[in-house]
Amino acid sequence: MSNPSESQRIVLVGFMGSGKTTVGEKLAALLQARFIDLDAVIAEQAGMSIPDIFSREGEEGFRWRETRALESLRASEHAVIATGGGVVTVEENWPLMRRLGPVVFLRTQLRSALTRIGDGRGRPLAQGDDREERMASLLTERTPLYEKADYIVDTDGLSPLAVARLVREKLQAGSER
Ligand code: S3P
């Protein structure tokens, strides 16, 4: 596995509320790399917000756009890429992510994710009164998919900067998991 300073891109995956964006920004600063938020790329390419894409095109339309956005990142160099929580559910996305660089799973307990998600604003899959149950079953369903990542980093109880440092250490050590 390549050293982060040499590797072109690092891909962060994990559940909603696992801190991919905040950790990604810190990690990019540590590595003097660019930070790319895949959801922001999707929204920019679509000319609509994520909630608008879901309401006009459904989850299917969003997933299609997500894969296209991942494909479009091939040319970007030396970057930390934060993906959306559901990117791992589309098989086709895996070779695209692996081609970009090492894939790192930011593992979070449901409780911490729910606290960060709050009322789910901006996250169409995390809304409604039954969201805690839905989030719990989504997390159970997706965990084996996140575990396909090259590296796993536990984030509970740690600050975004501490997690970013851990990710950097793991990548530098090149030790898988
Ligand atoms: C999703 C997570 C969101 C966003 C979209 C779908 C998911 O990103 O991509 O709302 O399926 O888990 P975050 O993980 O950044 O919230």
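First, a word on what this report is: a plain description of the structure on this page. Bear in mind the structure is a predicted one, so any value in this text is a computation, not a measurement.

Reading the values: the criteria
- Residues numbered from 1 in each chain as written.
- Predicted model: local features only at pLDDT ≥ 70, side-chain atom pairs only at ≥ 80, totals over all residues.
- Heavy atoms only, no water.
- Helix = DSSP H or I, 4+ residues; strand = E, 2+ residues; numbered from the N terminus.
- Rg over C-alpha atoms; globule rule 2.2 N^0.38 Å.
- Contact = heavy atoms within 4.5 Å.
- Areas by Shrake-Rupley, 256 points an atom, 1.4 Å probe, with all protein chains shown as cover.
- Lys, Arg positive; Asp, Glu negative; His and termini not counted.
- Charge placed at Lys NZ, Arg CZ, Asp CG, Glu CD.
- Buried < 20%, exposed > 50% of the residue type's maximum accessible area, 1.4 Å probe, protein only.
- Pairing = 2+ DSSP bridges.
- Axes fitted to C-alpha atoms, helices over the stretch in contact; angles between N-to-C directions.
- 1 Å grid on protein atoms, 1.4 Å probe; cavity = no way out; pocket = protein on both sides within 12 Å on 5 of 7 lines; lining within 4 Å.
- Points joined across faces, edges and corners; volume = space filled by probe spheres on them.
- Nonpolar A, V, L, I, M, F, W, Y, C, P; charged D, E, K, R; others polar.

## Re the overall build of the chain
Then, in step 1: Within the chain, the regular secondary structure consists of 7 helices and 5 strands.
Then, in step 2: For the chain, the N- to C-terminal ordering of α and β elements is β-α-β-α-α-β-α-β-α-α-β-α.
Then, in step 3: Radius of gyration (C-alpha) of the chain: 15 Å, near the 16 Å computed for a compact globule of 177 residues.
Then, in step 4: Counting only C-alpha atoms, the chain reaches 45 × 35 × 25 Å along its principal axes.
Then, in step 5: Counting contacts in the chain only where the partners sit at least 6 residues apart, residues at least 24 apart contribute 74% of the total.
Then, in step 6: Element-wise, carbon and sulfur atoms account for 48% of the exposed surface of the chain, whose accessible area totals about 8500 Å².
Then, in step 7: Between the averaged position of the 24 positive side-chain charges in the chain and that of its 26 negative side-chain charges there is a distance of 3 Å.

## A few points about unusual backbone geometry
Then, in step 1: Of note, the phi angle at Q32 is positive, near 50°, even though the residue is not glycine.
Then, in step 2: Counting through the fold element by element, Q32 comes out in the loop between α1 (20-31) and β2 (34-37).
Then, in step 3: Since its relative accessible area comes to 71%, Q32 is described here as exposed.
Then, in step 4: One non-glycine residue, H78, lies in the positive phi region at around 40°.
Then, in step 5: Structurally, H78 is set in the loop between α3 (50-72) and β3 (79-82).

## Examining the sheet that holds strand β1 (residues 9-13)
Through backbone hydrogen bonds, the strands of a sheet pair up, either in parallel or in antiparallel fashion.
Then, in step 1: Ordered by their spatial adjacency, 5 strands build an open sheet running β2-β3-β1-β4-β5, and the pairing between neighbours is parallel. The strands lining the two open edges of the sheet, one partner per strand, are β2 and β5 (151-154). Sheet twist, expressed as the average angle between the axes of neighbouring strands with direction ignored, equals 25°.
Then, in step 2: Strands β1, β3 and β4 (103-107) of the sheet are contacted by helix α4 (residues 93-100), whose axis makes an angle of about 140° with β1.

## Focus: the layout of surface pockets
Then, in step 1: The computed volume of the largest pocket comes to approximately 470 Å³.
Then, in step 2: Lining the largest pocket are 26 residues; nearest its centre among them are M16, D39, G84, G85 and R123.
Then, in step 3: Where the lining of the largest pocket is concerned, the elements lending two or more residues are α1 and α3.
Then, in step 4: Considering each element in turn, the lining of the largest pocket owes the most residues, 5 residues, to α3.
Then, in step 5: Among the residues forming the lining of the largest pocket, the class breakdown is 8 nonpolar, 10 polar and 8 charged.

## Observations concerning the environment of F62
Then, in step 1: If you trace the backbone, F62 turns up in helix α3.
Then, in step 2: Separated by 10 residues in the primary sequence, F62 and D52 have C-alpha atoms spaced 9.7 Å apart.
Then, in step 3: In contact with F62, other than residues within four places in its own chain, are D39, I42, I50, I53 and F54.

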